[in-house]
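Reading the structure
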Amino acid sequence: MAAALLKLLPLDPGDEGTQRCRMGPATLSTLGAGLGSPLRITVPGGCCLCTAWPRNDLADGYLQLDLKCKTSGLTASKLKGLTVSVSHLKLLACHRLRKVTVKVVLKNLTLKKSTPEATLQEMVKELLRNVYVSLHHVVTAAPIPGNPVVCVEILAVDASTEEAGLIAPKTNINIKEVVTLEWYRHLSKDTAKISVAGMDDLGSSLKEMIVLPFHFPKTFKKLGLSAPRGVLLVGPPGVGKTLLVKAVAREVGAYLLCISGPAIYGSRPGESEENLRRVFEQGKELSSEGPTILFIDEIDSLCPKRGSSNSIPENRIVAQLLTLMDGMGSENEMVIMAATNRPDALDPALRRHGRFDREVIIGTPTLKQRRSILQLITSNMPISTDVDLINLAEMTTGYVGADLTAFCREAAMQAVLHSCLDSVHMLINMADFHEAFKKIQPSSFRSSVGLTDFKPVTWEQIGGLEDVKLKLKQVFRQARAHTPAIIFLDEIDSILGSRSACKTGHGAPEKVLSVLLNELDGVGTKVTERRGNKLQLEGDCQEQNEKERQIEFQEVLNKDVMIVAATNRPDKLDDALLRPGRLDKIIYIPPPDQKGRLSILKICTEKIPIDSDVSLEYLAVQTKLFSGADIENLCKEAALQALQENGLEATSVKHEHFVKSLKTVKPSLTPSDLNFYEKLFNKEVFS
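To keep things clear, this report deals only with the structure shown in the data block. (Residues numbered from 1 in each chain as written. Predicted model: local features only at pLDDT ≥ 70, side-chain atom pairs only at ≥ 80, totals over all residues. Heavy atoms only, no water.)

The relation between two aromatic rings is expressed through the spacing of the ring centres and the mutual angle of the planes. The tally for this structure, following the rule as stated, stands at 5 aromatic pairs. Each ring, one from Tyr-399 and one from Phe-407, has its centre 6.2 Å from the other, and the planes form 65 degrees; the classification is edge-to-face. You'll find Tyr-399 and Phe-407 in the same group, each marked buried. With a centroid separation of 6.5 Å and 80 degrees between ring planes, the pair formed by Phe-407 and Phe-437 is classed as edge-to-face. One end of the pair, Phe-407, is in helix 14 (residues 401-417); the other, Phe-437, is in helix 15 (residues 430-439), with 30 residues separating them in the sequence. (Phe/Tyr/Trp six-rings, centres within 6.5 Å; stacked < 30°, edge-to-face > 60°. Buried < 20%, exposed > 50% of the residue type's maximum accessible area, 1.4 Å probe, protein only. Helix = DSSP H or I, 4+ residues; strand = E, 2+ residues; numbered from the N terminus.)

Structure follows, in structure tokens:
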């Protein structure tokens, strides 16, 4: 037999603050509850503790609740018009509690500072007298003028009490914590962990910056250490800077106060600075109760470089922020965090010691990180078993978290378009992701100059040149071991040239060459790293004496970049480029020999339907001085010959077609070219 349903009605004014719930006689009889018996009532959004009382009109089918003791977040407005089953009402066997531990919530910080401890103890004791309570429930105080208490949260009760208990006059009430309503609302928000895939190491580093100084201030003071006050997060748009800050703040229980440029700017002179001061004052008040993070998103728009006469308002904001950060005392538990994708646009004064002296670089996700992000995004999506996340991660080179989210969303849209809109069993398959890949481009590449994503090419796709491939494998194996990035300068002779070819020595190629030589000299050489992860050349700090430089800087080895260049005119290059320490590894790539040409012919004809009479060995002999591109062109020309003979219909390519193509396709190399390269390669500079 189904349990009866009870419609929730508004509470009678006389029952407010009494912890009574009123119901009809039939419901009381069903529950076996006497007058004033404690009940736990479960409703949508939480539950509450009440004492059973009959309705004044003795009408059945209705229920009225006083939410004096309830779970956090449950309000009377959420219960309007709802119905609950009688099975959701549970009769409790409550005992008198000997001891409870509570958290007291006051209206504001002023009342917290002005209310004496003894007075607060009496107020809490009076509020909880003869009230049934349960662990993690909140007892709400009546809004009486002059009463600073908003509510009391039950943190702990007797160990012998499993469900609920009654606070008697002799119950020992221990006030463990006193917070303001603002701080309590923040802590009562959704406490679910924010998942930030692929940035666990960065999250741990940020947590240490926040937790350790705040939780162990005496240890830091004893060691003579100052807690970090400013942390700057640098990374491309959509990489997850803001999400990382939110995740860290929630995990460590810190109050997160977010501001942005539009919220600070005012219309009248001085209003922007006033708004900034007000935010800092609010942060200082909150930090008196616990760890607080003041987060400035897109700080480059708020604090650009000073110096321009057209940016006087921004200059004043920068000066105000510098003053506020310098005036932060060590007693406040507040950290200033900021995020930007244009660190060079920031005023340099913000990045010195004592301000944003800690910089965390968040780059584009690696292959492993992209797979983690895709696993997180697709964890709640109905994906097919043929979806290979590793393959998707390999496809999405340069994609940041926001791009991958858009990528998965577009794949879901493709699945919707290709199936019934009301299908319950719809799955997202690999084909949907491939279609989405055509539409979603990586945002990190849109503003990057010279950054190109290449389709992976295996060594097996390069025919011949076994000795050269071996040397290249060794170079790139070393590159993978030491560097995450390779700069490839194709046709470098057309970019730079030689200084000896220019009479004046002040042409554009010579200037580019000078810049490149300076950059090459900075790769693999000792530089110094400013504490706070800010790389800086040692020569930029001439104003410091040697002793100060040693204290302020530490030596590191810059191995982040490897330079690879290609040219078919090495004689046009400046000698300074080819000395040791710059482009010091020279690899000569000769034209393919007969064995290499045969290997290239096999690769080029893999997807061409050639006839059985085609002799690739014969063609390899006939294609002397052919480069790889020439051989590929020969195969294409033979395929076109076959199509023309058969009226552009698909057919097989015969030996005669290759013979005809050999008459029209000529090698791009000549014996004199080979002699030139061999003589040049045998010089001392190439040995």
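Moving on to the layout of surface pockets. Picture a little ball the size of a water molecule; that probe, rolled over the atoms, points out where space is still empty. As a volume, the second largest pocket reaches approximately 890 Å³. Every residue lining the second largest pocket is counted, 33 residues in all, and those nearest its centre are Leu-67, Lys-70, Leu-74, Thr-75 and Ala-76. Those elements that provide at least two residues to the lining of the second largest pocket are strand 1 (5-9), strand 5 (62-65), helix 3 (117-128), strand 11 (137-140), strand 12 (149-156) and helix 4 (181-187). By residue number, the principal contributor to the lining of the second largest pocket is helix 4, which donates 3 residues. In terms of residue class, the lining of the second largest pocket is made up of 19 nonpolar, 7 polar and 7 charged. (1 Å grid on protein atoms, 1.4 Å probe; cavity = no way out; pocket = protein on both sides within 12 Å on 5 of 7 lines; lining within 4 Å. Points joined across faces, edges and corners; volume = space filled by probe spheres on them. Nonpolar A, V, L, I, M, F, W, Y, C, P; charged D, E, K, R; others polar.)

Considering the arrangement of structural elements, one finds Arg-306 in the loop between helix 10 (299-302) and helix 11 (312-326). Along the sequence, Arg-306 and Val-318 sit 12 residues apart, while their C-alpha atoms lie 7.9 Å from each other. The residues contacting Arg-306, other than those within four sequence positions of it, are Asn-315, Val-318, Ala-319, Leu-322, Asp-347 and Ala-349. (Contact = heavy atoms within 4.5 Å.)

Glancing now at the packing of helix 22 (residues 628-645) against helix 23 (residues 655-664). When two helices pack together, their arrangement is given by the angle between the helix axes and by the axis-to-axis distance. Where helix 22 contacts helix 23, the axes come no closer than 8 Å and their chain directions differ by 120 degrees. When the axes of helix 22 and helix 23 are compared, the pair comes out oblique. Crossing angle aside, the handedness with which helix 22 passes helix 23 is right-handed. Of the residues in helix 23, those in contact with Leu-634, Cys-635, Glu-637, Ala-638, Gln-641, Ala-642 and Glu-645 of helix 22 are Glu-656, His-657, Phe-658, Lys-660, Ser-661, Leu-662 and Thr-664. Tallied by class, the residues present in the contact of helix 22 with helix 23 amount to 6 nonpolar, 4 polar and 4 charged. (Axes fitted to C-alpha atoms, helices over the stretch in contact; angles between N-to-C directions. Parallel < 35°, antiparallel > 145°, perpendicular 65-115°, else oblique. Left-handed = near helix turned anticlockwise from the far one by under 90°.)

Phi at Leu-58 takes a positive value of approximately 55 degrees, unusual for a residue other than glycine. One can find Leu-58 in the loop between strand 4 (46-54) and strand 5. Look at Asn-130: it is not a glycine, yet its phi comes out positive at around 60 degrees. When you line up the elements, Asn-130 lands in the loop between helix 3 and strand 10 (131-133).

This brings us to the pairing of strand 4. As judged from the 4 bridges shared by strand 2 (residues 20-23) and strand 4, these two strands associate in the parallel manner. Bridge pairing in strand 4 places Arg-20 opposite Thr-51. Here 6 bridges tie strand 3 (residues 38-43) to strand 4, and the two strands are oriented antiparallel to one another. Residue pairing for strand 4: Pro-38 is matched across the bridge by Thr-51. Counting the residues that bridge the hairpin from strand 3 to strand 4 gives 2 residues, and of these Gly-45 lies at a positive phi of roughly 100 degrees. Taken together, the 2 bridges between strand 4 and strand 6 (residues 69-71) define a ladder with antiparallel strand orientation. For Cys-48, the partnering residue across the bridge sits in strand 6 and is Lys-70. (Pairing = 2+ DSSP bridges.)

Moving on, we come to the pattern of salt bridges. Overall, the coordinates contain 15 salt bridges when judged by the stated rule. With a closest N to O distance of 3.1 Å, Glu-274 and Arg-268 form a salt bridge. According to the relative accessible area criterion, Arg-268 is partly exposed, its value standing at 45%. Between Lys-636 and Glu-632 there is a salt bridge; the shortest N-O distance is 3.8 Å. Here the residue Lys-636 and the residue Glu-632 both occupy positions in helix 22, the gap between them amounting to 4 residues, near one helical turn. Given the relative accessible area of 37%, Glu-632 is considered partly exposed. Connected through shared salt-bridge partners, Arg-268, Glu-271, Glu-274 and Arg-278 make up one network. (Salt bridge = Lys/Arg side-chain N within 4 Å of Asp/Glu carboxyl O.)

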